[in-house]
Amino acid sequence: MKKIYLFLVLILISTIVSAGNANSIQAQSNPSILLKIVIHAQKQLESQINQDSSIKTKQLFKDGTQQIISLEESLNNNDTDLAKKQFLSIMKIFKETSKQLTNSQTSKVEISTIIIEDPLKDLDRLHDYVGDLKIINKKYNTTINFSEIDDLFLVAKKQIYEKQAVDALQTIMKLKQLTLELNGIIREHASKQQYIHAKEYAQKYLGELDLLIENAKNQNLSEVIIKKLIIVRENLSTATNADEIVKQIKEIISLKEQFELTKNAQIESKVILSKKIS
Amino acid sequence: MSPETMLITSEEPNQENGILFVRINDILKTMVKRYLIVTGLIIMSVIIPLQISFSSSRSLELIIYSDGSTHVSTKIDVNSLQPDFELDLFGSSINNFVAIGDTGFMLSEKIVKNKAIIYTLGSSEITTDYDIQDLISKEGRVWTFTFNSPINYTLLLPKNSVIVGMNQLPNNMEQVDEQTKLDLNAGLTEINYIFTTTINSTQKPIISNDSLFNYVNLIIILGISSTAIVVLVIILKRKQQKLTSNTQTQFNIENITEKQSVNTEIIYDFKPEMREDDKEIIKFISNNKGQAFESELRKKFLLPRTTMWRAVKRLERLGLIEIVKKDLQNLVKLKKDMVEEK
């Protein structure tokens, strides 16, 4: 019977250990994924290489393609370690091939410039942001009407589809402006709500602060700390915005830490004193 | 008076009028039963993999747009006793920043360079969303995503983009609509991509595929767990204990609860900020015994993969659903606590 128990316990311990290692096992890549990525890249680059491409570029691409065959072989042989190395090597080669294929005159482009050059691509991002604003807006029960902005999105999409780039650009500019205005209105509502919430949060601390002041007095703590606690209490109860409330609560937390330190120091000195007497 | 002190073992009789000293070994022998240890280990072996699979205190999702900006969406656990939280942003060119507390309300923030001070005011979990321009650079036609992540994360590449360079091995890859979604590890990642030009029609779509290792690992864990459970059941049956029946009853109750459809109105009341289209998704899942595959949802609502993926992620952020992998697919399940609230 003891052997069965021992066997059972060993199995369970190994289960727990292997489960604990699950993350590191998952962190290893799926070999078939690696092959898919490189083949995808190879096909794309193949379509771009033409007679005008330099010999060096063509050679690089050839090397990469050759290594794909080796990668496939490694995968078939279940040699994942080698496959991973080959994958990274192929990716390095294809990155270099892509760079050589591209116009070498174009240096690093600042992203801000890209946005100005092609604002049509901004539409998806704007759409997602408006989606977020809609969710937040519902929470605040505001009277904001999103129908205008929704219509503008439809118009912009239609204009892009019909390749009316200039019109689409104007619509997107309108959309950005409108989104900015709606964002401002929602944030105003949020700010009011946050103040109410901050007040409730502060109330919790006020009660705690009263107790802290009383304890400090009972334990004959430094007058300076007690005075500071009283001032913070007054400031917190009269705070008129969330900024001020947060500032005062941080002050309370800091004072509370000081209070605890002083209290502990007092207890320690009492213990030392009583030892000396005895 | 000085009482007599004696060291005794469990075999020795208790001495009257003396202080009792007992060896730890004797306490263990007397109080801890072997079947308790075994049961405890079984529970641990079941719970630990579940925790690893489903619970994550922090999550990070990145979406690269075709204009070179990146949307960052992150869920963070914060100290509810502190009134604010300082969040390190992944750059300094931040747009459209939104922070939401666990009550669903928007939180105020101050952004200074690459830090955001968020007034959490008692929230224990916050979700932040923002767009950032600092992660992508472009050289000729090659776009480069460079990111040093503190945790594992998912990355959705833009439509029609092809990876041509990568310095890290992905954990997983899926094709969502025409976008590549990668699961990546913490650490520095550099991904080079270009936009497709002429070979769109000839490219074979990449089929969604889960990591082989995950399944092997899962099978091993399940195999070991089930063997252990079977052996334990045999032992327990021999001892005629009622432990198995109790556990079974508990599992049955959980299954019954899970399979019940939920009154969606309660969920709508609970989350009034939900979008109308999201409500329809919840209704469908609810009527489908509380769970549905993402592909089923796409077919039902005739939505593209990306749109449905975003909707599902949105519902997950609202805490209404959870996404689990099943048969290489995303299974969307209504959260258990929502069912219980009903």
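Since the model is a prediction, treat every value here as computed from it, not as a measurement.

Criteria and thresholds
- Residues numbered from 1 in each chain as written.
- Chains lettered and ligands numbered in written order.
- Predicted model: local features only at pLDDT ≥ 70, side-chain atom pairs only at ≥ 80, totals over all residues.
- Heavy atoms only, no water.
- Helix = DSSP H or I, 4+ residues; strand = E, 2+ residues; numbered from the N terminus.
- Contact = heavy atoms within 4.5 Å.
- Areas by Shrake-Rupley, 256 points an atom, 1.4 Å probe, with all protein chains shown as cover.
- Axes fitted to C-alpha atoms, helices over the stretch in contact; angles between N-to-C directions.
- Parallel < 35°, antiparallel > 145°, perpendicular 65-115°, else oblique.
- Left-handed = near helix turned anticlockwise from the far one by under 90°.
- Pairing = 2+ DSSP bridges.
- pLDDT = per-residue confidence, 0-100.
- Core = buried A, V, L, I, M, F, W, Y, C linked by side-chain atoms within 4.5 Å.
- Buried < 20%, exposed > 50% of the residue type's maximum accessible area, 1.4 Å probe, protein only.
- Domains from an automatic or database assignment.
- Nonpolar A, V, L, I, M, F, W, Y, C, P; charged D, E, K, R; others polar.
- Expected span 1.5 Å × (residues − 1).
- 1 Å grid on protein atoms, 1.4 Å probe; cavity = no way out; pocket = protein on both sides within 12 Å on 5 of 7 lines; lining within 4 Å.
- Points joined across faces, edges and corners; volume = space filled by probe spheres on them.

### A closer look at the overall build of chain B
Then comes step 1: Scanning chain B for helices and strands turns up nine helices and 19 strands.
Then comes step 2: At a minimum sequence separation of 6, the contacts of chain B that also span at least 24 residues come to 61%.
Then comes step 3: Total accessible area on chain B stands at roughly 17,600 Å², and carbon and sulfur atoms take up 55% of it.

### Focus: the packing of helix H7 (residues 123–140) of chain A against helix H9 (residues 165–218) of chain A
All names here are of chain A.
Then comes step 1: It is at 10 Å that the axes of H7 and H9 come closest, and there the two elements cross at 30 degrees. Considering their axes alone, H7 and H9 lie roughly parallel with respect to each other. Crossing handedness for the pair H7 and H9: left-handed. Side by side, H7 and H9 meet where Leu123, Leu126, Tyr129, Val130, Leu133, Ile136, Asn137 and Tyr140 of the first sit next to Ile172, Leu175, Lys176, Thr179, Asn183, Ile186, His189, Ala190 and Gln193 of the second.

### With respect to the sheet that holds strand E7 (residues 109–112) of chain B
Hydrogen bonds along the backbone pair up the strands of a sheet, which may run parallel or antiparallel.
Residue and element names in this part refer to chain B.
Then comes step 1: Taken in spatial order, the three strands make up an open sheet running E5-E8-E7, and their pairing is antiparallel. Each having just a single partner strand, strand E5 (84–88) and E7 make up the two edges of the open sheet. In this sheet, adjacent strand axes meet at a mean angle of 20 degrees when their direction is disregarded.
Then comes step 2: Pairing geometry for E7 and strand E8 (residues 115–119), over four bridges, is antiparallel. Of the residues in E8, the one forming a bridge with Val112 is Lys115.

### A short note on the confidence of the model for chain A
Then comes step 1: Looking at chain A, the pLDDT average stands at 79 and 77% of residues meet or exceed 70.
Then comes step 2: In the model, residues 104–117 of chain A has pLDDT below 50 throughout and makes 20 contacts with residues more than four positions away in sequence or in other chains.

### Examining the nonpolar core
Then comes step 1: With 57 residues, the main nonpolar core has Leu62, Phe97, Phe145, Leu155 and Met166 of chain B as its most contacted residues.
Then comes step 2: When residues of this core are assigned to their parent elements, the largest contribution, seven residues, is made by helix H3 (residues 31–48) of chain A.
Then comes step 3: Summarising the domain contributions, this core has at least three residues from each of domain 2 (55–134) and domain 3 (139–199 + 211–253) of chain B.
Then comes step 4: Among residues more than four places away in sequence, those in contact with Phe145 of chain B are Leu62, Ile64, Leu135, Ile136, Tyr153, Leu155, Thr189, Glu190, Ile191 and Tyr193 of chain B.
Then comes step 5: By size, the runner-up hydrophobic cluster in this structure holds 26 residues, among which are Ala198, Leu209, Ala216 and Val246 of chain A.

### Structural notes on the side chain of Gln42 of chain A
Then comes step 1: Along the chain, the position of Gln42 of chain A falls in helix H3.
Then comes step 2: Setting aside residues up to four positions removed in sequence, Gln42 of chain A forms contacts with Phe61, Thr65, Ile68 and Phe94 of chain A.

### Some words on the sheet that holds strand E17 (residues 291–293) of chain B
Residue and element names in this part refer to chain B.
Then comes step 1: With respect to topology, three strands assemble into an open sheet ordered E17-E19-E18, the strand pairing being antiparallel. The sheet terminates laterally at E17 and strand E18 (321–326), the two strands that pair on one side only. Taken pair by pair, the neighbouring strands of this sheet meet at an average axis angle of 25 degrees, ignoring direction.
Then comes step 2: Looking at chain direction, E17 and strand E19 (residues 329–334) are connected through three bridges and run antiparallel. The partner of Ala292 across the bridge, within E19, is Val332.
Then comes step 3: In this fold helix H7 (residues 294–301) packs onto E17 and E19, with an angle of close to 80 degrees to the strand it touches most, E17.
Then comes step 4: Packing of helix H8 (residues 305–317) onto the sheet brings it into contact with E18 and E19, and relative to E18 it is tilted by some 125 degrees.

### A few points about the packing of H9 of chain A against helix H10 (residues 223–238) of chain A
Residues and elements named next belong to chain A.
Then comes step 1: Running from N to C, H9 and H10 cross one another at 160 degrees; their axes reach a closest spacing of 10 Å. On the basis of their axis angle, the class for H9 and H10 is roughly antiparallel. Handedness of the crossing formed by H9 with H10: left-handed. Here H9 contributes Lys199, Ala202, Tyr205, Leu206, Leu209, Asp210, Leu212, Ile213, Ala216 and Lys217 to the contact with H10, which in turn contributes Ile226, Leu229, Ile230, Val232, Arg233, Leu236 and Ser237.
Then comes step 2: Considered class by class, the residues forming the contact of H9 with H10 number 12 nonpolar, one polar and four charged.

### Quick notes on H9 of chain A
Then comes step 1: In a regular helix each residue adds 1.5 Å, so 54 residues correspond to 80 Å; H9 of chain A covers 76 Å between its end C-alpha atoms and thus fits that length.
Then comes step 2: Looking one or two places after H9 of chain A, you find Asn220 of chain A, whose phi comes out positive at around 50 degrees.

### Regarding the layout of surface pockets
Then comes step 1: Taken as a whole, the second largest pocket encloses approximately 1,400 Å³ of empty space.
Then comes step 2: Lining the second largest pocket we find 44 residues, and of these Asp124, His127, Asp128 and Lys157 of chain A together with Arg310 of chain B sit closest to its centre.
Then comes step 3: Listed by contribution, the elements that provide at least two residues to the lining of the second largest pocket are H7 and helix H8 (147–161) of chain A together with strand E3 (59–64), strand E4 (70–77), helix H6 (276–287) and H8 of chain B.
Then comes step 4: Looking at the lining of the second largest pocket residue by residue, the classes come out as 16 nonpolar, nine polar and 19 charged.

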